[in-house]
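# Examination of the molecular architecture
Spelled out from the first residue to the last, the chains are:
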There are 6 protein chains.
Amino acid sequence: MYTVCVRDHFMIAHSFRGETFGPAQRLHGATYVVDLELRRAELDADGVVVDIGLAGKALAAVLAELSYRNLDEEDGFSGRNTTTEFLAREVFERVTRRIAAGELGASAYGITALRVTLHESHVAWGSYEGALPTSAGH
Amino acid sequence: MYTVCVRDHFMIAHSFRGETFGPAQRLHGATYVVDLELRRAELDADGVVVDIGLAGKALAAVLAELSYRNLDEEDGFSGRNTTTEFLAREVFERVTRRIAAGELGASAYGITALRVTLHESHVAWGSYEGALPTSAGH
Amino acid sequence: MYTVCVRDHFMIAHSFRGETFGPAQRLHGATYVVDLELRRAELDADGVVVDIGLAGKALAAVLAELSYRNLDEEDGFSGRNTTTEFLAREVFERVTRRIAAGELGASAYGITALRVTLHESHVAWGSYEGALPTSAGH
Amino acid sequence: MYTVCVRDHFMIAHSFRGETFGPAQRLHGATYVVDLELRRAELDADGVVVDIGLAGKALAAVLAELSYRNLDEEDGFSGRNTTTEFLAREVFERVTRRIAAGELGASAYGITALRVTLHESHVAWGSYEGALPTSAGH
Amino acid sequence: MYTVCVRDHFMIAHSFRGETFGPAQRLHGATYVVDLELRRAELDADGVVVDIGLAGKALAAVLAELSYRNLDEEDGFSGRNTTTEFLAREVFERVTRRIAAGELGASAYGITALRVTLHESHVAWGSYEGALPTSAGH
Amino acid sequence: MYTVCVRDHFMIAHSFRGETFGPAQRLHGATYVVDLELRRAELDADGVVVDIGLAGKALAAVLAELSYRNLDEEDGFSGRNTTTEFLAREVFERVTRRIAAGELGASAYGITALRVTLHESHVAWGSYEGALPTSAGH
């Protein structure tokens, strides 16, 4: 199994609901350094997992949708705690849609799984990983 | 699959038995920077894998049992080589018991697997990972 | 010249005023991983630059004053852009006051300079460094 | 499952064919920081996954075969794009052969899987992982 | 004294002349992860050392002049060993010229010193630092 | 000013005397990841600060004198707390002597200053830096 990973980051404000979160119930924020891993069993004709330039652009585009925002005021997140692990899945879903839409190139339909890791500090990170829907339609 | 990771460290003295270990047969020591990864398929009602504050406290408590000690003189390790990979499992087992005892909160019974990684230098690390016993009793 | 460094982090929300800042004019946030460096020419009687435990506690106390807050609403920062470099100096000043107040122990009066570095992502950091006032009063 | 990882690096020149690669079609180069992970279910009699000294030597030997070379002129790579993920597999195969040849010691026949990761910058890496052939012959 | 740092990277091929360099006399290559530090005594009116967006663009522009090239064939480097430390100064000089040309904005004339660090692997780096010419002309 | 840095590590046992040290008064240990920085104003005829291969060997030789030992039982450290900052200076002095003895080559007499940093964990490090004696004798 091959994996390629590209890294980028985004910066947001948010707050959490629930006593579990202690002082993080107050409005605060975070930098998330994001690792996007793309996986497949065999390389494509160019000898790569994915066009790494397109992968980087797709990740940057997804993060630009989130960055420099107060997530408490984003419609899609209403009533949700935008925790690190929740956001990891959100990035996973958005990248998955861009792959399906062809933004990472035709070869990217061969990607079988993704993992998205959000580093929130030097001592904590969260991730979401999963298989991609089969690309039979392509 | 979701993962959350918390990091901490401990510092110990020890020695190894066996010609394989060369100069490490002498009494020496190590700093271990420890990554504790906790995994589950779905987030809990708060939108988290685990109460990260409780996870950090449990890891710190486990490491305090080991840190600032000469492991050659600890009863539990008599006759064992306390290698990086051996200690990774030891931390795994101790964290597992604390989860079972409820120290990470009721939601933590939903955690299905752990991975413990001990970084011993900038060029070497060891880890142990495994499924947790099913939490049917809870 | 000797230096000792301790690391911790804090997480805040804020926004910037000025066209220079582009999308960062919106309310967003950041994790700052903070390195506090303490410097002196000679070690104290214990063979250290500073009691590293007390240094870590002082840094944690300073960061707790800032963390999990919206800095736009903190009185002390009214009308200021709380940039990385601005906050580095803020941490510098607050640690300096704690040293002067004796929180890092009597030996810490021998510290002659500090450097505070705030890492805001994997690709950017800011710092402030300066000499400490002479400790003639002690 | 236990894992042990050793790290080393190599430095090469190469170029890529295919419009996908943009300016990387020109002769350029890379430093690859290599993580070799070795995995097995149970520790050996010494309490280790592998003799870490031998593992490090085997990795260094494999990387010395590649380092300080223009891969475009190496016979084995003729007509291939020596991408990060391609080279990760190449290192995987070469380490696998050294394990089979006994260079990592008899205990290393118990290793069941490897992962090789090549970090090409602070924002990108590629890896190849796979099971080792069963060691029934030994 | 305030410092702000931005990070980027470039990838080149080259070879060295001189027995000192051993196997690095062969054509090989490197990834250089570059830290550009900009320093000044006081912040500007926006509360920053420099417009970090412009600083990042200027660094990227300088690195694009070097990246994906065989430095042995670049006119400016004829007869020179393009070592890590040599290239650190080269980046320093090129960024200095862009600051003087106003590419980092008018406020950047207040920058008094730069440091450029090139990380060539996980175990080696080189840097060049120096004062900037006084900006009396501005 | 140019700087080149090489990294290596060593692993020791020791204990500290003094109530300041709390549980670190017990026999424990540490991994120290060591950065040796060598500085000079101008490059030598090869275009380098130092023969980086010789610098790495000298650092490895110094660390081999310390590694895999209980420092409490080393004659040279009798009655001393072998703290991180103390050991940083010790490495500084030993490297300085090797430079003076010509182990880093004749060009290394042009090195004017060293900095030695010992990273003891992901949250703490200590360093010692100083000018080298003038090399008039050479």
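Residues numbered from 1 in each chain as written. Chains lettered and ligands numbered in written order. Predicted model: local features only at pLDDT ≥ 70, side-chain atom pairs only at ≥ 80, totals over all residues. Heavy atoms only, no water.

### Topic: the overall build of chain A
Stated formally: Helix numbering and strand numbering both begin at the N terminus, where a helix is a DSSP run of H or I of at least 4 residues and a strand a DSSP run of E of at least 2. To get the radius of gyration, use the C-alpha atoms; to get the globule rule, take the number of residues to the power 0.38 and multiply by 2.2 Å. Here a residue-residue contact requires only that any non-hydrogen atoms of the pair lie within 4.5 Å. To be clear on the numbers: accessible area is Shrake-Rupley with a 1.4 Å probe, and residue cover counts the displayed protein chains and nothing else. By the counting rule applied here, Lys and Arg register as positive and Asp and Glu as negative, while His and the ends of each chain are not counted. Charge placement uses NZ in Lys and CZ in Arg. For Asp and Glu, CG and CD serve respectively.
Each helix and strand counted, chain A has 2 helices and 5 strands in total. In sequence order, the secondary structure elements of chain A are arranged as β-β-α-β-α-β-β. For chain A, the C-alpha radius of gyration of 16 Å lies close to 14 Å, the compact-globule estimate for 138 residues. By its C-alpha atoms, chain A is 50 × 30 × 20 Å across when sized along the principal axes. For chain A, restricting intrachain contacts to residue pairs at least 6 apart in sequence, the fraction spanning at least 24 positions comes to 67%. Summing over all exposed atoms, chain A offers an accessible surface of approximately 5,300 Å²; the carbon and sulfur share of this is 49%. For chain A, the centre of its 13 positive side-chain charges and the centre of its 19 negative side-chain charges are spaced 2 Å apart.

### Details of the packing of aromatic side chains
For clarity, the cut-off: Aromatic contacts are taken between Phe, Tyr and Trp rings whose centres are within 6.5 Å, Trp giving its six-membered ring; a plane angle under 30 degrees counts as stacked, one over 60 as edge-to-face, and the others as tilted. Burial classes: relative accessible area under 20% of the type maximum marks a residue as buried, over 50% as exposed, and values in between as partly exposed (1.4 Å probe, protein chains only).
Tallied over the full model, the rule gives 30 aromatic pairs over all chains. Residues Tyr128(B) and Tyr2(D) carry aromatic rings whose centres are separated by 4.6 Å and whose planes lie at 55 degrees to one another, so their mutual orientation is tilted. You can see Tyr128(B) sitting in strand E5 (residues 124–131) and its partner Tyr2(D) sitting in strand E1 (residues 2–14), one on each of two chains. The same class applies to Tyr128(B) as to Tyr2(D), namely buried. Ring geometry for Phe77(C) against Phe86(C): centres 5.8 Å apart, planes inclined by 80 degrees, an arrangement best described as edge-to-face. Connected via pairs of aromatic rings, a cluster forms that spans Tyr2(A), Phe92(D) and Tyr128(D).

### Structural notes on the arrangement of the chains
These two, chain A and chain E, are apart from each other, with no contact and a minimum C-alpha gap of 12 Å. For chain D and chain F, which are not in contact, the least C-alpha distance works out to 12 Å.

### Side note on the interface of chain A and chain C
Worth spelling out the cut-off: By definition, the buried area sums, over both parts, the 1.4 Å-probe accessible area that each loses when the two are put together. Any Lys or Arg side-chain nitrogen located within 4 Å of an Asp or Glu carboxyl oxygen qualifies as a salt bridge. A 3.5 Å cut-off defines polar contacts: any pair of N or O atoms within that distance qualifies, except that in protein one atom must be a possible hydrogen donor and the other a possible acceptor, and neighbouring residues in sequence count only when both atoms are side-chain atoms.
Facing the 23 residues of chain A at the interface are 23 residues of chain C. In this assembly, chain A packs against chain C so that about 1,900 Å² is buried in total across both faces, 64% of it on carbon and sulfur atoms. Between chain A and chain C we count 0 salt bridges in total. Across the chain A-chain C interface, the total number found is 11 residue pairs in polar contact (both at pLDDT 80 or more).

### Concerning helix H2 (residues 84–100) of chain E
All names here are of chain E. Rules: Take the number of residues in a helix, subtract one, and multiply by 1.5 Å to get its expected span.
Across its 17 residues, H2 extends 24 Å between first and last C-alpha, which sits within 8% of the 24 Å expected from 1.5 Å per residue. In terms of residue burial, H2 counts as a mostly covered element, since 13 of its 17 residues are buried. Downstream of H2 by a residue or two, Gly-102 has a phi angle that is positive, lying close to 90 degrees.

### Quick word on the relation of the copies chain A and chain C
Threshold: Least squares is used to superpose the copies, and the fit set is the C-alpha atoms of residues whose pLDDT is at least 70 in both copies.
The two copies are related by a screw operation: chain A maps onto chain C through 180 degrees of rotation and 0.0 Å of translation along the axis, at an RMSD of 0.0 Å. On this basis, the relationship between the two copies can be described by a two-fold rotation axis.

### Notes on the pairing of strand E2 (residues 28–40) of chain B
Residue and element names in this part refer to chain B. Threshold: Two strands pair if DSSP finds at least two bridges between them.
By the criterion of burial, E2 is predominantly enclosed, with 13 of the 13 residues buried. Here E2 shows no split at all, with His-28, Ala-30, Tyr-32, Val-34, Leu-36, Leu-38 and Arg-40 on one side and Gly-29, Thr-31, Val-33, Asp-35, Glu-37 and Arg-39 on the other all buried. Relative to E2, strand E1 (residues 2–14) is paired through 13 bridges, and the arrangement is antiparallel. Note that in E2 the partner of Val-6 across the bridge is Leu-36.

### Thoughts on the side chain of Asn81(A)
Note on placement: Asn81(A) falls in the loop between strand E3 (69–70) and helix H2 (84–100). Owing to a relative accessible area of 10%, Asn81(A) belongs among the buried residues under this scheme. What Asn81(A) contacts, discounting residues up to four positions off in sequence, is Ser15(A), Phe16(A), Arg17(A), Phe21(A), Phe86(A) and Asp46(B).

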